[in-house]
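# Structural overview for review
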Amino acid sequence: MSTPLAGRCLCGACTFTAEPKPQAGVCHCSMCRKWSGGIFMATDCGDTLRFSEGAPVRTYRSSDWGQRLFCERCGSTLAWQTADGTHSSVSIQAFEDPGAFTIATEIFIDDKPASYALAGETTKMTGAEVMALYAPQPGADQ
């Protein structure tokens, strides 16, 4: 991966380190929009996300294979994670310089409201394309 970076929630109670990739993606799905209050901008940190001891991180299991991590105290959106913890997409807003990440991908583009658009060229994927790539397949070992 890359160099470890520190991050935190709004109130500072949840601090963490992770090794993010330099490119980020956005999710336009209705769950991410409701959870984050807008589009969820995140970077792949694989399995490197580590919260400090005692951080009041809470988990909301939003599907059979995914969960959303947030601060119990201030409610900050922190990360989307696979249920087994092997992959974390960490909010770029939780890092000191979210502008350091290049937005390269937009997923669930078919769920994006017509009221906004991102500038620049990105790779766009529909919800069906995302699910075909990442969701556990029926009958597969989980």
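From a predicted model like this one, the values you see are computed outputs, not experimental measurements.

Two faces belong to every sheet, and in a regular strand the side chains alternate between them. Relative to strand β7 (residues 66–71), strand β6 (residues 57–61) is paired through five bridges, and the arrangement is antiparallel. Note on β7: the bridge partner recorded for R61 is Q67. Where β6 folds back onto β7 in an antiparallel hairpin, the turn is made up of four residues.

Before going further, it helps to examine the nonpolar core. Counting 19 residues, the largest nonpolar core has C9, C14, F16, A18, L49, V90 and F95 as the members making the most contacts within it. Elements with a contribution of two residues or more to this core: β2 (15–18), β7 and β8 (77–82). Discounting chain neighbours no more than four positions away, the residues touching C9 are C14, C71, C74, S76 and L78. F40, A42, W65 and F108 belong to the second largest nonpolar core, which has 11 residues in total.

As a further point, take the state of the cysteines. Using the criterion set out here, one finds zero disulfides in the structure. Between C29, a cysteine without a disulfide, and C27, which holds the nearest cysteine sulfur, the sulfur-to-sulfur distance is 3.5 Å. Its relative accessible area of 7% is what places C29 among the buried residues. The thiol of C45 is unpaired, and the distance to the nearest cysteine sulfur, on C32, comes to 15 Å.

Any pair of aromatic rings gets described here by the distance separating the centres and the angle formed by the planes. Tallied over the full model, the rule gives five aromatic pairs. The interplanar angle of 80° and the centroid separation of 5.5 Å between the aromatic rings of F16 and F95 together place this pair among those described as edge-to-face. On the criterion of sequence distance, the pair formed by F16 in strand β2 and F95 in the loop between β9 (88–91) and β10 (102–107) is long-range, its members being 79 residues apart. Here F16 and F95 have matching classes, each one buried. Judged by centre distance (5.5 Å) and plane angle (45°), the ring pair of F95 and F101 falls under tilted. The exposure class of F101 is buried, given its relative accessible area of 9%. Joined through ring pairs, the aromatic side chains of F16, F51, F95 and F101 make up one cluster.

Cut-offs used in this document
Every chain's residues receive numbers from 1 upward, in the order its sequence appears when written. The model is predicted, so local features are restricted to residues of pLDDT at least 70 and side-chain atom pairs to those at 80 or more, both for listing and for counting; the totals for chains, interfaces and linings are taken over all residues. Heavy atoms from the whole structure form the basis of all side-chain values; hydrogens and water molecules are not counted. Two strands are said to pair when DSSP picks up at least two bridges between them. Helical segments are the DSSP runs of H or I of at least four residues, strand segments are the runs of E of at least two, and each set is numbered from the N terminus. For our purposes a nonpolar core is just a set of buried Ala, Val, Leu, Ile, Met, Phe, Trp, Tyr and Cys residues, chained together by side-chain atoms within 4.5 Å. Accessible area is worked out with a 1.4 Å probe on protein chains only. A residue is then buried under 20% of its type maximum, exposed over 50%, and partly exposed in between. Only heavy atoms enter the contact rule, under which two residues are in contact if any of them lie within 4.5 Å. In what follows, a disulfide is any cysteine sulfur pair within 2.5 Å. Under the pairing criterion, centres of Phe, Tyr and Trp rings, with the six-membered ring standing for Trp, must be within 6.5 Å; the plane angle then separates stacked pairs below 30 degrees from edge-to-face pairs above 60, leaving the rest tilted.

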